[in-house]
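Listed below, chain by chain, are the residues.
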Amino acid sequence: MDKILNYLGLARRSRHLVAGTDSVIKSLQSNKLYLIILANEASDATKDKIIKKAFHYSVPVLEGYSIIDISNATGIKNPVVLAIDDNGLSKAILELKSRS
């Protein structure tokens, strides 16, 4: 399994993962997020909404994983939008992404 997906599973187990569009937007507006993950299958409207909000709050958005991959890593059913509220985990994921 991909190391980034392993980190998502770790974030879930350590309760640093926010799941769902509404929950992510609410946490984003409270300046509690450091990274957003969008599944490939997210609708264009969802992608547009999340990317614009993330840009406004200067939070990076990571794309490129399917709902199935994210679900297998986190145990969340049909995860379209996820976010991490831990700075260390977010930095580790972004560092891995920049290497690949």
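Computed from a predicted structure; not experimentally measured.

Engineer: Looking at this model, I keep getting lost on helix 2 (residues 21-29). Mind explaining?
Structural biologist: Side chains that are three or four residues apart share a direction in an α-helix, a result of its 3.6 residues per turn. Taken together, the buried positions of helix 2 are Val-24, Ile-25, Ser-27 and Leu-28. Looking down the long axis of helix 2, one finds its buried residues gathered within 165° of arc, a one-sided arrangement. Of the exposed residues in helix 2, the ones pointing more than 90 degrees away from its buried face are Asp-22 and Lys-26. Looking at the buried residues of helix 2, the elements they touch are strand 1 (17-19), strand 2 (35-39), helix 3 (44-56) and strand 4 (81-84).

Engineer: Teacher, can you tell me more about the packing of helix 2 against helix 3 here?
Structural biologist: To describe two helices that pack against each other, one gives the angle between their axes and the distance between the axes. In the contact formed by helix 2 and helix 3, the axes pass within 10 Å of each other and the chain directions differ by 15°. When the interaxial angle is binned, helix 2 and helix 3 end up roughly parallel. Helix 3 is crossed by helix 2, and the crossing has left-handed handedness. Note on element contacts: helix 3 touches helix 2 through Thr-46, Lys-49, Ile-50, Lys-53 and Ala-54, opposite Thr-21, Val-24, Ile-25, Leu-28 and Gln-29. Class assignment for the residues of the contact of helix 2 with helix 3 results in 5 nonpolar, 3 polar and 2 charged.

Engineer: What am I meant to see in the pairing of strand 2 here?
Structural biologist: Look at any regular strand and the pattern is simple: side chains alternate between the two faces of the sheet. The buried count for strand 2 comes to 5 of 5 residues, which makes it a mostly enclosed element. Pairing analysis gives 4 bridges linking strand 2 to strand 4, with the strands arranged antiparallel. Along strand 4, the bridge assignment pairs Leu-35 with Ile-84. By the bridge criterion, 4 bridges tie strand 2 to strand 3 (residues 61-65) in an arrangement that is parallel. Its bridge partner lying in strand 3, Leu-38 is registered against Glu-63. Note on the crossover from strand 2 through helix 3 to strand 3: the handedness is right-handed.

Engineer: Would you explain the packing of helix 1 (residues 3-13) against helix 4 (residues 67-74) in this entry?
Structural biologist: Their axes nearest at 8 Å, the elements helix 1 and helix 4 cross at an angle of 50°. One way to sum up the angle between helix 1 and helix 4 is to call them oblique. At the point where helix 1 passes helix 4, the crossing takes the right-handed sense. Contacts from Leu-5, Leu-8, Gly-9 and Arg-12 of helix 1 reach helix 4 at Asp-69, Ile-70, Ala-73 and Thr-74.

Cut-offs applied
Residues numbered from 1 in each chain as written. Predicted model: local features only at pLDDT ≥ 70, side-chain atom pairs only at ≥ 80, totals over all residues. Heavy atoms only, no water. Buried < 20%, exposed > 50% of the residue type's maximum accessible area, 1.4 Å probe, protein only. Helix = DSSP H or I, 4+ residues; strand = E, 2+ residues; numbered from the N terminus. Arc of directions from axis to C-beta. Contact = heavy atoms within 4.5 Å. Axes fitted to C-alpha atoms, helices over the stretch in contact; angles between N-to-C directions. Parallel < 35°, antiparallel > 145°, perpendicular 65-115°, else oblique. Left-handed = near helix turned anticlockwise from the far one by under 90°. Nonpolar A, V, L, I, M, F, W, Y, C, P; charged D, E, K, R; others polar. Pairing = 2+ DSSP bridges. Right-handed = clockwise from strand over helix to strand, strands pointing away.

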